[in-house]
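What follows is the residue order along each chain.
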Amino acid sequence: MPRSLPNARPKPLPEALPDCDVLIVGGGPAGLSVASALPPQVRSVIVHQDKEIGLPVRTSGVSWLADVQALGLPEACYHPIYRTDIYSDHETAHFEITSHTVVALDVTATYRHLASLSEDHERRLLLNTKYRGSRHEGGQIVSRLRTPEGEKTLRARYLVDASGWHCAALQSLGLAQPPRRRAVGIEYEYPLQDMDPHRVVLFFGRHALSAYGWALPTGAGTVRLGIGIIQPDSTASPKELMEGFLASGELERMGLPRPGDGMHVNAGILPSAPYERQLVYGNVIRVGDSANMATPTLGEGIRTAIASGRELGTALGAAVAGNETALARYERDSAKRYERNYQFGFLTNSRAAAYGPDDWDRAVRRIRRLDEASLAAAFRSEFTWPMIARTMAKSAWSKLRGRS
Ligand SMILES: Cc1cc2nc3c(=O)[nH]c(=O)nc-3n(C[C@H](O)[C@H](O)[C@H](O)COP(=O)(O)OP(=O)(O)OC[C@H]3O[C@@H](n4cnc5c(N)ncnc54)[C@H](O)[C@@H]3O)c2cc1C
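In this text, all values refer to a predicted model and were calculated from it rather than measured experimentally. (Residues numbered from 1 in each chain as written. Predicted model: local features only at pLDDT ≥ 70, side-chain atom pairs only at ≥ 80, totals over all residues. Heavy atoms only, no water.)

Participant: Can you walk me through the site of the ligand in this structure?
Facilitator: Around the ligand sit 34 residues, and of these T59, V62, D289, G301 and I302 come closest. Between the ligand and the protein, one listed contact pairs an oxygen atom with a side-chain N or O atom of Q49 at 3.0 Å. At a separation of 3.0 Å, a nitrogen atom of the ligand approaches a polar backbone atom of Y131. Within the complex, 92% of the 1,000 Å² of free accessible area of the ligand lies under protein. At the level of elements, α1 (29-37), β10 (130-137), β17 (264-271) and α7 (302-320) are the ones that each hand at least two residues to the shell around the ligand. Top element by residues in the shell around the ligand is β17. It accounts for three residues. A breakdown of the residues in the shell around the ligand according to their chemical character gives 13 nonpolar, 16 polar and five charged. (Near = heavy atom within 4 Å. Polar contact = N/O pair within 3.5 Å; in protein donor to acceptor, adjacent residues only side chain to side chain. Areas by Shrake-Rupley, 256 points an atom, 1.4 Å probe, with all protein chains shown as cover. Helix = DSSP H or I, 4+ residues; strand = E, 2+ residues; numbered from the N terminus. Nonpolar A, V, L, I, M, F, W, Y, C, P; charged D, E, K, R; others polar.)

Participant: Would you take a moment to explain the environment of Y212 for this structure?
Facilitator: Along the polypeptide, Y212 turns up in the loop between β14 (199-203) and β15 (213-217). Separated by 87 residues in sequence, Y212 and L125 place their C-alpha atoms 35 Å apart. In this view, Y212 contacts L202, F203, F204, G226, I227, G228 and L298; residues no more than four positions away in its chain are not counted. A distance of 2.6 Å separates a polar side-chain atom of Y212 from the backbone oxygen of L298. (Contact = heavy atoms within 4.5 Å.)

Participant: Just checking my understanding: could you explain unusual backbone geometry for this structure?
Facilitator: Among all residues save glycine, negative phi is the norm, and among peptide bonds the norm is trans. Residue P56 follows L55 across a cis peptide bond; omega there is -5 degrees. With respect to the helices, strands and loops of the structure, P56 is situated in the loop between β3 (44-47) and β4 (62-64). The amide bond that connects Q231 to the next residue, P232, takes the cis arrangement and shows omega of 0 degrees. Mapped onto the secondary structure, P232 falls in the loop between β16 (222-231) and α5 (238-247). One non-glycine residue, Q193, adopts positive backbone phi at about 55 degrees.

Participant: How should the nonpolar core be read in this particular structure?
Facilitator: When a protein is soluble and globular, its nonpolar side chains tend to lie buried together. With 46 residues, the main nonpolar core has V22, V160, V287, L312, L316, L327 and Y330 as its most contacted residues. Of all elements in the fold, only β2 (20-25), α1, β8 (102-105), α3 (107-116), β12 (150-161), α7 and α8 (326-353) reach the threshold of two or more residues within this core. Looking at this core, the element that brings in the most residues is α7, giving eight residues. Here V160 is in contact with V22, L23, I24, V25, V34, I285, V287, L312 and L316, once residues within four sequence places are set aside. Counting 24 residues, the second largest nonpolar core, distinct from the first, contains I81, V102, V200 and I367. (Core = buried A, V, L, I, M, F, W, Y, C linked by side-chain atoms within 4.5 Å. Buried < 20%, exposed > 50% of the residue type's maximum accessible area, 1.4 Å probe, protein only.)

Participant: Quick question: what am I supposed to make of the sheet that holds strand β5 (residues 78-81) here?
Facilitator: Strand pairing within a sheet occurs via backbone hydrogen bonds; the two strands may be parallel or antiparallel. The strand order across the open sheet built from three strands is β4-β8-β5, with neighbouring strands paired in antiparallel fashion. Strand pairing shows two members of the sheet lacking a second neighbour, β4 and β5, which therefore form its edges. With strand direction ignored, the average angle separating the axes of adjacent strands in the sheet is 40 degrees. Here four bridges tie β5 to β8, and the two strands are oriented antiparallel to one another. (Pairing = 2+ DSSP bridges. Axes fitted to C-alpha atoms, helices over the stretch in contact; angles between N-to-C directions.)

Participant: Teacher, can you tell me more about α1 here?
Facilitator: Along an α-helix, residues three or four apart share an orientation, since each turn contains 3.6 residues. Within α1, eight of the nine residues are buried, which leaves it mostly tucked inside the rest of the structure. Listed in full, the buried residues belonging to α1 are P29, A30, G31, L32, S33, V34, A35 and S36.

Participant: Sorry if this is basic, but what is going on with the pairing of β16 here?
Facilitator: Looking along a regular strand, one sees the side chains alternate between the two faces of the sheet. Counting buried positions over the ten residues of β16 gives nine, a clear majority of the element. Where β15 and β16 come together, five bridges link them in antiparallel fashion. Each residue of the ladder has a partner; that of A215, found in β16, is L225. Between β15 and β16, which pair antiparallel in sequence order, lie four residues; one of them, G221, sits at a positive phi of approximately 75 degrees.

Participant: Please clarify how the environment of D85 should be interpreted in this entry.
Facilitator: Following the sequence through the fold, D85 ends up in strand β6 (residues 83-87). When the C-alpha positions of D85 and T304 are compared, they lie 25 Å apart, and in sequence the two are 219 residues distant. Polar contacts involving the side chain of D85 include one to the side chain of H94, which spans 2.6 Å.

Participant: Explain the sheet that holds β17 to me, please; I cannot follow it from the model alone.
Facilitator: Read across the sheet, seven strands follow the order β7-β6-β14-β15-β16-β13-β17 without closing on themselves; strand pairing throughout is mixed. Edge strands, defined here as strands with exactly one partner in the open sheet, are β7 (92-96) and β17. The mean inter-strand angle of the sheet, taken between neighbouring strand axes irrespective of direction, is 15 degrees. Pairing geometry for β14 and β15, over three bridges, is antiparallel. Paired with F203 across the strands is G213, a residue of β15.

Set out below in structure tokens:
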């Protein structure tokens, strides 16, 4: 006779939330922008694992004035930068920025502004809620969520993966894995002291081999001093590199203030993987970092996440209304915009990740000869055919010389 299990109770089924048209996983710039570009009557739900929008900060927030203006971000969300100094171990390049103005975003304010753009839509924002996975059922997608009130399920027509490097939705459905190659960064944010509030510093070489370091003044009287590395190209710890940098005397050479009281630490992860053309998997679509949309040269992904998020929101609005080609167009237009530039940018990134300190000295000497427009184009991963041809020719020439 089977033994009875006195305490075994059937597990309660998770409560179902009201169905929606579009479930968006991730309340970063990509997910929030998808929601804001959906027609207001489309029922959407954003699932965000953090307790607040825009906190904790996991990014530096460098962007470009022309882009943030075109995206309609309020002036209170950014702070202009008018000069830059680029350092390797023994070289420096200085640029006065006159036409390609850089900005430091107030990341928290920017993300909150993006959230406010869909406040009057039929959308629910579930904070402190973790997306746990999905299954297809009868042409729809049923997802499991862990909310502060317990496990819930939610049925949606479309599922958007805007979960950043986690690729949480694609992973749960076996459509993709988080990329193995990632940029991992750490930032110390502290009072600016006497640093020029409109000067950004980038540094390459022994303190940030395989990626780079930066010092970015914010509009709030602080500076964000960061170091990133690319894994698995480098096995170094960003924190140890940062401590080594602080102990090295380089802060003084670069004219940067030293961290003291009131320091805050930010950290984050960014995919550093080639752009992949497939963004649409039936009714599951990816955008932002989960689709490798950050620039491969500097790892700048906020403006691209906003722009592509809005494009996806518009396409989804059309798809919900019955337009069957809208999502394919989103995929095609994204490939047109990113594919060629990002392929070349990724090649540049992979080569630079193997540079030693002497290579970086040579690179900074080359950078010094660039004009402002060419420097901006390289940083933005926007390459003209002559730039690509020149770089390929140089690379072939140095390989030939290496062989002879
Ligand atoms: C150290 C560092 C510095 C950077 N500096 C810059 C810079 O200067 N300029 C720039 O433009 N870009 C920068 N980036 C890149 C930029 O941050 C990203 O490209 C951008 O944030 C991508 O936006 P996203 O919405 O796609 O993803 P994210 O911003 O990563 O947002 C995804 C959100 O989804 C949430 N989430 C993940 N999994 C789940 C889940 N299972 N359930 C619920 N929620 C989930 C996460 O908590 C996260 O908040 C930097 C990145 C790093 C790591």
